[in-house]
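Survey of secondary and tertiary structure
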Amino acid sequence: MTFSEKYALVRAQARADGLKLGLFWVLSFALFIGNFHFALLGMLWMATMVFTPFFVGILTRRYAVKWHDGIISYRHAYTHSFLTIFYASLILAIVQWAYFAYLDNGFVVTNYVNIITDKDFMKGMESMGYNKKALDELVATLRTLRPIDISLQLLWSNIVAGFIISLTTALYASTRRHFNPKP
């Protein structure tokens with residue numbers, strides 16, 4: 001298989017796996033929104049966030065087994081992991097934009113502003129060295145965010161996190177033994 005064929009295959013499979021991860025993240029986002037109504041959903045949301053690297057590792061390992069007889073290099077596994085997260089991030093960003101543009105009506109921002117302006121929270125932040133002026137600027141900034149701003153910021157955060165997560169998931173999925181000294 002030539003390099004271009006391998007790259008086309010890894011992209012195609014990463015899109016399919018990115019759809020699976022993207023739907024998982026949409027569920028996670030729904031749990032995050034539900035967290036404001038039921039605290040138990042917040043625990044489930046955190047569980048989905050913790051499970052994400054394991055899910056990406058499983059998807060990448062399955063890709064290696066299905067398409068490469070279980071033999072895959074670190075670089076190849078990294079490419080699949082990162083592209084999977086990239087495509088999932090695009091799906092999630094579209095869903096988040098639609099939510100913030102048409103359904104949210106300022107609900108999430110209002111809840112964060114309420115948390116930040118809480119007297120006990122302010123006292124805690126001031127004890128850690130933050131001044132009231134900085135917190136007031138943060139509140140003002142939160143109130144000016146548009147749905148596209150929020151979605152793009154979250155997209156960027158997911159891509160950066162994907163860059164980092166892929167470093168470890170590729171270690172799991174690749175067949176070469178890393179960091180194991182020879183006897």
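First things first, this report covers the structure right here in the doc. (Residues numbered from 1 in each chain as written. Predicted model: local features only at pLDDT ≥ 70, side-chain atom pairs only at ≥ 80, totals over all residues. Heavy atoms only, no water.)

1. Brief notes about the overall build of the chain
- Within the chain, the regular secondary structure consists of seven helices and zero strands.
- Sequence-ordered secondary structure for the chain, helices as α and strands as β, is α-α-α-α-α-α-α.
- Along the longest, intermediate and shortest principal axes, the C-alpha atoms of the chain span 60 × 45 × 30 Å.
- As displayed, the chain has an accessible area near 11,500 Å², and 67% of this comes from carbon and sulfur atoms. (Helix = DSSP H or I, 4+ residues; strand = E, 2+ residues; numbered from the N terminus. Areas by Shrake-Rupley, 256 points an atom, 1.4 Å probe, with all protein chains shown as cover.)

2. Quick notes on a nonpolar patch on the surface
- On the surface, Trp97, Tyr102, Leu103, Ile148 and Leu152 cluster together into a nonpolar patch covering about 540 Å² of accessible area.
- Sort the elements by how many residues they give to the nonpolar patch and helix α3 (residues 74-103) lands first, with three residues.
- With respect to the helices and strands, Tyr102 occurs in helix α3.
- The exposed category is assigned to Tyr102, whose relative accessible area is 59%. (Patch = residues over 30% accessible without salt bridge, like charges linked within 9 Å, V, L, I, M, F, W, Y side chains within 5 Å. Salt bridge = Lys/Arg side-chain N within 4 Å of Asp/Glu carboxyl O. Buried < 20%, exposed > 50% of the residue type's maximum accessible area, 1.4 Å probe, protein only.)

3. Points about the packing of aromatic side chains
- As enumerated under the stated definition, the model contains 17 aromatic pairs in all.
- Relative to Phe36, the ring of Phe32 lies with its centre 5.4 Å away and its plane at 75°, an arrangement referred to as edge-to-face.
- By relative accessible area, which is 24% here, Phe36 ends up partly exposed. (Phe/Tyr/Trp six-rings, centres within 6.5 Å; stacked < 30°, edge-to-face > 60°.)

4. Topic: the environment of Thr84
- Inspection of the secondary structure assignment puts Thr84 in helix α3.
- Owing to a relative accessible area of 1%, Thr84 belongs among the buried residues under this scheme.
- Put simply, Thr84 and Gly162 are 78 residues apart on the chain and 8.7 Å apart in space, counted from C-alpha to C-alpha.
- Each residue touching Thr84, except ones within four places of it in the same chain, is listed here: Ala14, Asp17, Gly18, Leu21 and Leu59. (Contact = heavy atoms within 4.5 Å.)

5. A word on the packing of helix α5 (residues 119-127) against helix α6 (residues 132-144)
- Contact pair α5 / α6: the axes reach a minimum separation of 10 Å and the direction vectors enclose 125°. Judged on the interaxial angle alone, α6 and α5 are oblique. For α5 against α6, the interelement crossing comes out right-handed. Taken together, the residues of α6 that come into contact with α5 (itself represented by Met122, Met125 and Glu126) are Lys132, Leu135 and Asp136. (Axes fitted to C-alpha atoms, helices over the stretch in contact; angles between N-to-C directions. Parallel < 35°, antiparallel > 145°, perpendicular 65-115°, else oblique. Left-handed = near helix turned anticlockwise from the far one by under 90°.)

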